[in-house]
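One-letter residues, chain by chain:
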Amino acid sequence: MGISVQLLSKTYGSQKAVDQISFEATEGKILGFLGPNGAGKSTTMKILTCFLPQTSGKAFVCGFDTSNDSLQVRKNIGYLPESNPLYHDMYVKEFLYFVGNTYHLQNLKTKVEQVILATGLEKEQHKKIGQLSKGYKQRVGLAQAIIHDPKVLILDEPTSGLDPNQLIEIRKLIKELGKTKTVILSTHIMQEVEAICDEVIIINKGKIVANNTLQGLLEEHQEKSLEPIFVKLTRDV
Ligand SMILES: Nc1ncnc2c1ncn2[C@@H]1O[C@H](COP(=O)(O)OP(=O)(O)OP(=O)(O)O)[C@@H](O)[C@H]1O
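Residues numbered from 1 in each chain as written. Predicted model: local features only at pLDDT ≥ 70, side-chain atom pairs only at ≥ 80, totals over all residues.

**Q** Is there a simple way to think about the packing of helix 5 (residues 134–146) against helix 6 (residues 164–177) in this case?
**A** A pair of packed helices is captured by two measures, namely the crossing angle of their axes and the spacing between those axes. Running from amino to carboxyl end, helix 5 crosses helix 6 at an angle of 10°, the nearest separation of the two axes being 11 Å. The orientation of helix 5 relative to helix 6 falls into the category roughly parallel. On the side of helix 5, the interface is formed by Gly-135, Gln-138, Leu-142 and Ile-146, while helix 6 contributes Gln-166, Ile-170, Leu-173 and Leu-177. When the residues that make up the contact of helix 5 with helix 6 are grouped by side-chain class, the tally is five nonpolar, three polar and no charged. (Axes fitted to C-alpha atoms, helices over the stretch in contact; angles between N-to-C directions. Helix = DSSP H or I, 4+ residues; strand = E, 2+ residues; numbered from the N terminus. Parallel < 35°, antiparallel > 145°, perpendicular 65-115°, else oblique. Contact = placed C-beta atoms within 7 Å. Nonpolar A, V, L, I, M, F, W, Y, C, P; charged D, E, K, R; others polar.)

Okay, structure coming up:
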């Protein structure tokens, strides 16, 4: 099931942010969504999560059409936006109960405890979100994205601003989640893609310029790492 995107476009005024892109993302795989600043990554993710309507084309999440089945799409999707919006005056646990209630989850106490454990928030669970470090706020963002056990996870730069230890922890968690879910994550960190992604899409100026497995991409370009491939495909000449 996962995600299916067909000739998707988004225009802001006269600017084409996403230009007729098509791709699939499948269960049990982590798809790295890469591109320079302004390439259209967040816009695509916002369409997939029903935050924005597309201008044309289609997007399906678990078989549900984002343009006319948004409730079903949102039930099946967990989203960590780039800005990681949180309620800073709420306590961590209080916030997770609040999110769980919006999904009408059963056994909420158990689910909150499980998600706190999974994201390593045990020690911080009684603090106010505003008092947490950036890395721990990011963990709360991830916790709210997975509390309803969605089939699909959309993570927009999930590890930006984390220290190396937190980075390793969060990557481990995403890798674990990717075993049973469809995960799309955007990042500017090439090593992150090499560490956790099975498949890679590179988008440049709204268009897909590469769509392959990580190994396939390295072989196709006869490179040992992703960085030179990214530069070659997205450089302005
Ligand atoms: N609400 C908006 N109104 C007008 N233009 C927008 C809006 N949101 C995004 N854009 C433009 O669309 C283009 C794609 O933006 P988007 O945020 O999708 O890129 P991105 O690949 O996520 O970039 P970054 O890596 O910097 O986060 C950019 O040129 C951006 O300025």
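**Q** Sorry, what's going on with the site of the ligand here?
**A** For the ligand, the full set of nearby residues is Tyr-12, Gln-15, Ala-17, Gly-35, Asn-37, Gly-38, Ala-39, Gly-40, Lys-41, Ser-42, Thr-43 and Glu-82. At the level of elements, strand 2 (15–25) and helix 1 (41–48) are the ones that each hand at least two residues to the shell around the ligand. With three residues, helix 1 is the largest single contributor of residues to the shell around the ligand. Considering only residue class, the shell around the ligand consists of three nonpolar, seven polar and two charged. (Near = placed C-beta within 6 Å.)

**Q** So what exactly am I meant to see when it comes to the pairing of strand 2 here?
**A** As defined by bridge partners, strand 1 (residues 3–12) adjoins strand 2 across seven bridges and the pair is classed as antiparallel. Across the sheet, the residue bridging to Lys-10 is Val-18, located in strand 2. Hairpin connection of strand 1 to strand 2: two residues between the antiparallel strands, including Gly-13 at a positive phi of 60°. (Pairing = 2+ DSSP bridges.)

**Q** Please explain the sheet that holds strand 6 (residues 77–80) as it appears in this structure.
**A** Through backbone hydrogen bonds, the strands of a sheet pair up, either in parallel or in antiparallel fashion. As summarised here, the arrangement of the six strands in space is 6-7-8-3-9-10, forming an open sheet in which the pairing is mixed. Since the sheet does not close on itself, it has two edges, and those belong to strand 6 and strand 10 (207–213), each with one partner. Strand-to-strand twist in this sheet, taken as the mean axis angle between neighbours without regard to direction, amounts to 15°. Two elements, strand 9 (residues 199–204) and strand 10, share six bridges in a ladder whose sense is antiparallel. Counted as the bridge partner of Asn-204 is Lys-207 from strand 10.

**Q** What's the story with the UniProt feature "domain: ABC transporter" (unreviewed entry) in the protein chain in this structure? I'm lost.
**A** The UniProt record annotates "domain: ABC transporter" (unreviewed entry) at residues 3–230. Helix makes up 36% of residues 3–230 and strand 27%, with an end-to-end C-alpha separation of 24 Å. (UniProt positions renumbered as here; feature names shortened; annotations may be inferred.)

**Q** Looking at this structure, I do not really get the nonpolar core. What am I missing?
**A** The nonpolar side chains of soluble globular proteins are, as a tendency, buried together. Counting residues in hydrophobic clusters, the biggest one holds 62 residues, and the most contacted among them are Ala-143, Ile-154, Val-183 and Ile-201. Of the residues forming this core, the biggest block, six residues, is contributed by helix 5. Once residues lying within four places of it in the same chain are set aside, the contact partners of Ile-154 are Met-45, Leu-48, Thr-49, Ile-77, Tyr-79 and Ile-184. (Core = buried A, V, L, I, M, F, W, Y, C linked by C-beta atoms within 7 Å. Buried ≥ 20, exposed ≤ 12 C-beta atoms within 10 Å, placed from the backbone.)

**Q** Explain the sheet that holds strand 4 (residues 56–61) here, please?
**A** Here we have four strands laid out as an open sheet, ordered 2-1-4-5, and antiparallel in their pairing. Each end of this open sheet is capped by a strand with a single partner; those strands are strand 2 and strand 5 (64–65). Across two bridges, the pairing between strand 4 and strand 5 is antiparallel. In the strand pairing of strand 5, Val-61 is matched with Phe-64.

**Q** Would you explain the pairing of strand 7 (residues 152–156) in this entry?
**A** Consecutive side chains of a regular strand alternate in pointing toward one face of the sheet and then the other. Among the five residues that make up strand 7, five are buried, leaving the element largely enclosed by the rest of the structure. Pairing analysis gives four bridges linking strand 6 to strand 7, with the strands arranged parallel. Bridge pairing links Ile-77 to Val-152 in strand 7. At this point the chain moves from strand 7, through helix 6, to the parallel strand 8 (residues 182–186), and the crossover so formed is right-handed. (Right-handed = clockwise from strand over helix to strand, strands pointing away.)

**Q** Help me understand unusual backbone geometry, please; the structure alone is not making it clear to me.
**A** Comment: phi is negative for the bulk of residues other than glycine, and the bulk of peptide bonds are trans. If you check the backbone angles, Gln-20 has positive phi at about 55° while not being a glycine. Among the secondary structure elements, Gln-20 is positioned in strand 2. In this structure Gln-20 comes out as partly exposed when scored by C-beta crowding, with 14 C-beta atoms within 10 Å. For Cys-62, which is not a glycine, the phi torsion comes out positive at approximately 50°.

**Q** I'm lost on helix 1 in this one. Help?
**A** In an α-helix, one full turn covers 3.6 residues, which means residues spaced three or four apart are oriented alike. The buried fraction of helix 1 amounts to eight of the eight residues, a majority that puts the element mostly inside the structure. Restricting attention to buried positions, one finds in helix 1 the residues Lys-41, Ser-42, Thr-43, Thr-44, Met-45, Lys-46, Ile-47 and Leu-48. Taken from the residues just after helix 1, Cys-50 is the one with a positive phi, measuring 70°.

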